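Structural overview for review
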Amino acid sequence: MSGIALVRKPGPRLADGLLSYVQREPVDPGLATRQHDAYVAALADAGWRPVYAEPADDLPDAPFVEDTVVISGRLAVLTRPGAEERRPEVASVASVVRGLGLKAVRITGSGTLDGGDVLQVGPTVYVGRSARTNDEAISQLAALLPERRVVPVDLDGVLHLKSAVTALPDGTLIGLAAHVNLSGLLEPAEEAGAHVVPLGGDRVLMAASAPRTAAALEKRGLKVITVDISEFEKLEGCVTCLSVLIP
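Model, not experiment: these values are computed from the prediction.

Remarks on the UniProt feature "binding site: substrate" (unreviewed entry) in the protein chain
When the UniProt feature table is mapped to this numbering, "binding site: substrate" (unreviewed entry) covers L19, D61, E66, D67, R86, R132 and L235. Annotated residues from the preceding list that form part of the lining of the largest cavity: these are D61, E66, D67, R86, R132 and L235. Tracing the backbone through its elements, the reader meets L19 in the loop between strand 1 (3–7) and helix 1 (29–45). Considering the arrangement of structural elements, one finds E66 in the loop between strand 2 (48–52) and strand 3 (69–72). On the basis of relative accessible area, E66 is assigned to the buried category, the value being 6%. Those residues within four positions of E66 in sequence are excluded, and the remaining contacts are G115, G116, K162, T240, C241, S243 and V244.

So this is what it looks like as structure tokens:
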């Protein structure tokens, strides 16, 4: 599989990003930029063509581009982030997806949705009920995706659903049972091991901070590509939220 990787470069205010469940640590913007470049290069090496949203240097969380849009086929659901400070991030992403020929629709009204709360696994779309995503938005998403089965999931102690659980290429869910009530979870060896980006075929992208989980997945026959995203992890970021893959 290949396609487009929608990304956005981190800006100089990255260290001011919002935090919910971790203590603030110093963030090195220069290192973050180099790590982001290496992350994008890993996607490109795996066959995903990078397309950049416009820089948003005044919006610290803007590189976490996944939260702004949910892609289903040729439909782009533009989100309404739960943190009001993040809502200006969506306009430039809307321009990109329309330029790619996708049909763009929006979460509206009182609905709030972060893309990091949306995990798509085959015909099923799991959506986390979180501080950022509410039931109104989940209902809107279900109406916008009538061919998919939308399943709300309650969270405990994590920012987003995909902070706690993602899926391997065969659809196996890998995640942290302490934070999410889903049956049949494959428990990772490290918290960061819950964050897996399928790249097509047997390839997956993971953070370098989960070496034991990476080794376990390699034993399952997966080809694991690792990247160091330590500066983004300080801001509750992970490998999933730094890109939107559009097949």
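Let's talk about the sheet that holds strand 2
Strand order in the open sheet made by the three strands is 2-1-14, with mixed pairing throughout. Looking at strand neighbours, the two that pair on one side only are strand 2 and strand 14 (244–246), the edges of this open sheet. Strand after strand, the sheet turns through a mean of 30° between neighbouring axes, direction not considered. Across three bridges, strand 1 lies against strand 14 in antiparallel orientation. Pairing of I4 across the sheet is with I246, part of strand 14. Sheet strands in contact with helix 1 are strand 1, strand 2 and strand 14, and its direction is about 140° off that of strand 2.

Re empty space enclosed by the protein
Under the defined criterion, the tally for this structure stands at one cavity of 30 Å³ or more. In this structure, the largest cavity encloses a volume near 140 Å³. What lines the largest cavity is a set of 18 residues, and nearest its centre among them are D67, R86, L159, H160 and E236. When the residues that make up the lining of the largest cavity are grouped by side-chain class, the tally is six nonpolar, five polar and seven charged.

Cut-offs applied
- Residues numbered from 1 in each chain as written.
- Predicted model: local features only at pLDDT ≥ 70, side-chain atom pairs only at ≥ 80, totals over all residues.
- Heavy atoms only, no water.
- UniProt positions renumbered as here; feature names shortened; annotations may be inferred.
- 1 Å grid on protein atoms, 1.4 Å probe; cavity = no way out; pocket = protein on both sides within 12 Å on 5 of 7 lines; lining within 4 Å.
- Helix = DSSP H or I, 4+ residues; strand = E, 2+ residues; numbered from the N terminus.
- Buried < 20%, exposed > 50% of the residue type's maximum accessible area, 1.4 Å probe, protein only.
- Contact = heavy atoms within 4.5 Å.
- Pairing = 2+ DSSP bridges.
- Axes fitted to C-alpha atoms, helices over the stretch in contact; angles between N-to-C directions.
- Points joined across faces, edges and corners; volume = space filled by probe spheres on them.
- Nonpolar A, V, L, I, M, F, W, Y, C, P; charged D, E, K, R; others polar.

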